[in-house]
2 protein chains.
Amino acid sequence: MGVIETTRMRAKAAPKRTENAPADLPLSTILSGDCVEAMRSLPDNSVDMVFADPPYNLQLGGDLNRPDGSQVDAVTDHWDQFDSFKIYDDFTRDWMTEARRVLKPDGALWVIGSYHNIFRVGSILQDLGFWILNDIVWRKSNPMPNFKGTRFTNAHETLIWASQGEKSKYQFNYRAMKTLNDELQMRSDWVLPICGGGERLKHNGTKAHPTQKPESLLYRVMLATTEKGDVVLDPFFGTGTTGAVAKRLGRQWIGCEREDFYRDVAMKRIEKELPLDESALETMQSKKNAPRVAFGALVENGYIKPGTEVFDKKRKWVATVRADGSLIYGKQMGSIHGLGKDLQGAPSCNGWTFWHFEQDGPGGPEVKPIDSVRQTYLLATED
Amino acid sequence: MGVIETTRMRAKAAPKRTENAPADLPLSTILSGDCVEAMRSLPDNSVDMVFADPPYNLQLGGDLNRPDGSQVDAVTDHWDQFDSFKIYDDFTRDWMTEARRVLKPDGALWVIGSYHNIFRVGSILQDLGFWILNDIVWRKSNPMPNFKGTRFTNAHETLIWASQGEKSKYQFNYRAMKTLNDELQMRSDWVLPICGGGERLKHNGTKAHPTQKPESLLYRVMLATTEKGDVVLDPFFGTGTTGAVAKRLGRQWIGCEREDFYRDVAMKRIEKELPLDESALETMQSKKNAPRVAFGALVENGYIKPGTEVFDKKRKWVATVRADGSLIYGKQMGSIHGLGKDLQGAPSCNGWTFWHFEQDGPGGPEVKPIDSVRQTYLLATED
DNA sequence: CGCGATGGTGAATCACGTG
DNA sequence: TCACGTGATTCACCATCGC
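Calculation notes
- Residues numbered from 1 in each chain as written.
- Chains lettered and ligands numbered in written order.
- Predicted model: local features only at pLDDT ≥ 70, side-chain atom pairs only at ≥ 80, totals over all residues.
- Heavy atoms only, no water.
- Buried < 20%, exposed > 50% of the residue type's maximum accessible area, 1.4 Å probe, protein only.
- Helix = DSSP H or I, 4+ residues; strand = E, 2+ residues; numbered from the N terminus.
- Contact = heavy atoms within 4.5 Å.
- Buried area = accessible area lost by both parts, 1.4 Å probe.
- Salt bridge = Lys/Arg side-chain N within 4 Å of Asp/Glu carboxyl O.
- Phe/Tyr/Trp six-rings, centres within 6.5 Å; stacked < 30°, edge-to-face > 60°.
- Lys NZ or Arg CZ within 6 Å of the ring centre and 35° of its normal.

### Some details on helix 3 (residues 118-127) of chain B
Residue and element names in this part refer to chain B. Helix 3 sits mainly inside the fold: ten of its ten residues count as buried. Among all positions of helix 3, only Ile118, Phe119, Arg120, Val121, Gly122, Ser123, Ile124, Leu125, Gln126 and Asp127 are buried. A positive phi of about 105° marks Gly129, the residue just after helix 3.

Encoded structure:
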């Protein structure tokens with residue numbers, strides 16, 4: 001599907017990720033000049049993530065004044081002026097096409113925008129074949145009020161997270177996000193303060209860049225969808241928030257930035273940044289990443305004896321472990337997963353958490369899921 | 001600006017609004033058949049607001065099961081099936097063009113969608129010449145989780161509020177919104193629960209419509225951007241939430257709906273709906289222009305005595321008025337808005353209508369909202 | 001009547017490797 | 001490309017029922 005015919009990146013096995021990026025990548029570098037030209041110098045399929053904070057195409061009519069008469073420092077820099085939607089759309093399609101080429105087949109794109117541009121960006125991204133995974137609302141805890149009282153306070157910006165295609169094996173650190181959110185799934189609305197205070201870069205007393213993003217935003221983006229050592233490309237580098245957070249989190253980075261002044265500010269900023277040490281970078285891992293253990297191996301190795309009785313939480317079914325690691329219940333038999341599935345009449349079943357057994361504990365017999373034995377086995381057999 | 005040349009509706013003085021709609025408008029009617037055809041029967045420049053909840057084009061894969069094995073009842077209805085983005089875009093452009101014609105020059109369009117369709121919708125709306133005023137995020141307080149742990153919980157939907165053009169004199173009831181939001185400017189992110197419980201329409205025990213919207217959402221939309229007597233058109237009427245809320249708030253409504261069954265359900269629903277009485281509506285109307293009155297001023301001026309007991313309609317909570325105009329309930333205290341909000345656990349609360357008190361009347365004690373005291377105060381202090 | 005346990009459900013682009 | 005086996009995975013709210 002898609003209006004525009006594209007070379008759809010098809011599903012492939014996720015390549016083994018290493019901390020070593022291709023030797024010809026200009027890591028920790030801010031490329032100068034137009035970002036499309038700059039990206040052309042990068043090889044195909046070479047970066048793990050693209051984070052883009054493109055110009056917003058703000059259409060502010062004249063100057064905006066606060067009630068006290070002071071003027072709002074609006075985004076009126078020359079790089080943000082576009083004569084029409086068409087020019088903005090062409091610009092968007094250009095940089096995004098190049099970003100798509102540089103991105104690995106299983107890499108992901110993040111773009112941030114406001115209602116002025118995000119609908120153009122989202123549509124074009126879909127037309128190019130990207131597959132939207134989530135739209136994320138950055139809900140600002142301290143937005144600028146609507147001084148004139150003519151609209152709702154514009155209190156959020158929108159991010160789009162997209163993979164190269166529907167079947168791509170994108171990276172999502174589910175467990176790390178759940179941990180970060182107090183053991184609840186991370187939602188699509190993030191409450192974060194805008195960039196200010198000491199974090200806001202100043203030059204001669206005024207803000208160095210009109211739309212500097214908070215580091216907390218990039219922190220969450222990278223923690224959620226990259227691994228240590230991954231390469232992050234930012235085509236609109238600005239003052240280098242992406243680079244600073246990447247360095248801190250042990251990710252590699254490449255930036256593109258047209259303005260000499262911003263490149264200067266960004267490089268100085270990133271040089272000052274200190275990387276977190278190894279132990280701090282450890283995040284909660286999903287069970288998906290653990291090596292697979294066959295239930296039969298536990299029986300073979302004596303962790304569970306043939307003849308052991310296993311049962312579900314409510315003891316509705318009590319089955320017996322056989323020497324080959326299969327279970328038997330009356331005349332029905334099967335693997336821990338298959339038998340659990342059949343007995344419940346469910347579409348599927350995780351036998352590791354469904355079946356329990358009794359074990360002697362300090363205060364008498366204890367009931368534990370058989371998964372606890374697997375954990376013990378994994379610890380004991382670690383290199 | 002705009003890719004497509006359109007007849008831009010230019011700024012005009014807002015026409016004097018009356019409660020009498022053009023005589024040839026089919027008010028309180030659900031037009032049958034395709035919504036584009038149905039709208040063709042309506043005259044140019046005749047409705048004050050269009051609220052549209054079009055199909056989202058979800059593009060779902062196979063079945064989805066919860067961790068407990070139960071199956072998610074997905075939206076797989078034929079009306080949500082489109083073969084390509086191009087077909088969806090054409091569909092969108094068609095209904096929106098017709099809606100634009102029917103809409104008055106100073107009228108406004110509201111559209112709701114998710115990331116599947118909202119970027120297409122937003123782009124096309126801009127191409128047609130609509131001027132986006134806000135994008136509003138409906139943050140669901142109780143969304144469905146992401147059962148497989150593959151993405152962020154999709155916890156919001158997006159609404160776009162747009163005028164016919166940049167210079168249109170659209171309606172925005174700033175003060176009503178501020179009052180509704182505990183005397184803070186209403187923000188672009190609204191926390192509201194999804195439609196469930198007694199509000200969710202059922203047919204033979206199952207939901208009558210897969211995507212029924214909560215009345216609170218439409219309530220806020222209409223309270224913010226229409227006046228009493230305004231005509232609201234909903235091209236995707238479904239079970240008639242727009243009609244029901246319009247009737248309650250004293251707005252006129254016209255719906256379009258293809259499915260006989262939904263039209264039946266909607267008509268029966270709206271017939272049962274009771275309009276708010278004049279005084280309640282007058283109150284809301286007057287708020288827009290009324291000078292702001294602090295509850296504390298009423299206490300200061302003796303309209304309400306400190307120590308007065310105030311309570312919600314069901315008398316679940318009985319609080320006491322303190323000298324500074326704050327309320328106290330047990331150990332909790334706050335403004336009339338803040339305490340009401342906290343006790344209910346609601347995102348916001350209009351204390352003026354939430355809290356009531358007893359007053360001696362001709363036939364014994366009467367229960368009145370504290371807002372009635374504000375009205376008395378305003379009358380007494382007029383010039 | 002209150003309280004806890006239990007079960008149902010909502011606009012959802014919802015797994016992955018092996019053969 | 002498809003079929004198959006393994007196995008990872010949920011939050012808030014409501015309705016019902018038992019005590």
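### Quick word on the environment of Met39 of chain A
Mapped onto the elements of the fold, Met39 of chain A is located in helix 1 (residues 35-40). Those residues in contact with Met39 of chain A that lie beyond four places of it in its chain are Trp95, Glu98, Ala99, Arg101, Val102, Leu233, Pro235 and Cys256 of chain A.

### Describing the interface of chain B and chain A
Chain B puts 58 residues into the contact, and the matching count from chain A is 59 residues. Buried surface at the junction of chain B and chain A, both sides included, amounts to about 5,100 Å², of which 55% is carbon and sulfur. The interface formed by chain B and chain A holds four salt bridges in total. Between Asp127 of chain B and Arg120 of chain A there is a salt bridge, with the nearest N and O atoms lying 2.8 Å from each other.

### Considering the packing of aromatic side chains
Two measures describe an aromatic ring pair: the distance that separates the ring centres and the angle between the ring planes. Enumeration according to the criterion identifies 37 aromatic pairs over all chains in this entry. Note on Phe91 of chain B and Phe236 of chain B: the rings are 6.0 Å apart at their centroids and 55° apart in plane angle, and the pair reads as tilted. With Phe91 of chain B in helix 2 (residues 85-102) and Phe236 of chain B in the loop between strand 9 (231-234) and helix 6 (241-248), the pair connects residues that are 145 residues apart, well separated along the chain. Aromatic side chains Phe237 of chain B and Trp253 of chain B sit 5.2 Å apart centroid to centroid with 15° between the ring planes, which places their arrangement in the stacked category. A residue pair is termed long-range when its members are at least 10 positions apart, and Phe237 of chain B in the loop between strand 9 and helix 6 and Trp253 of chain B in strand 10 (residues 252-257) qualify at 16 residues. The pair Phe237 of chain B / Trp253 of chain B is uniform in exposure class, with both members buried. An aromatic cluster is present here, built from Trp110, Trp161, Tyr170, Phe172, Tyr174 and Trp190 of chain A together with Phe152 of chain B joined pairwise through their rings. Taking the ring centre of Phe85 of chain A as reference, the NZ or CZ of Arg120 of chain A above it sits at 4.2 Å.

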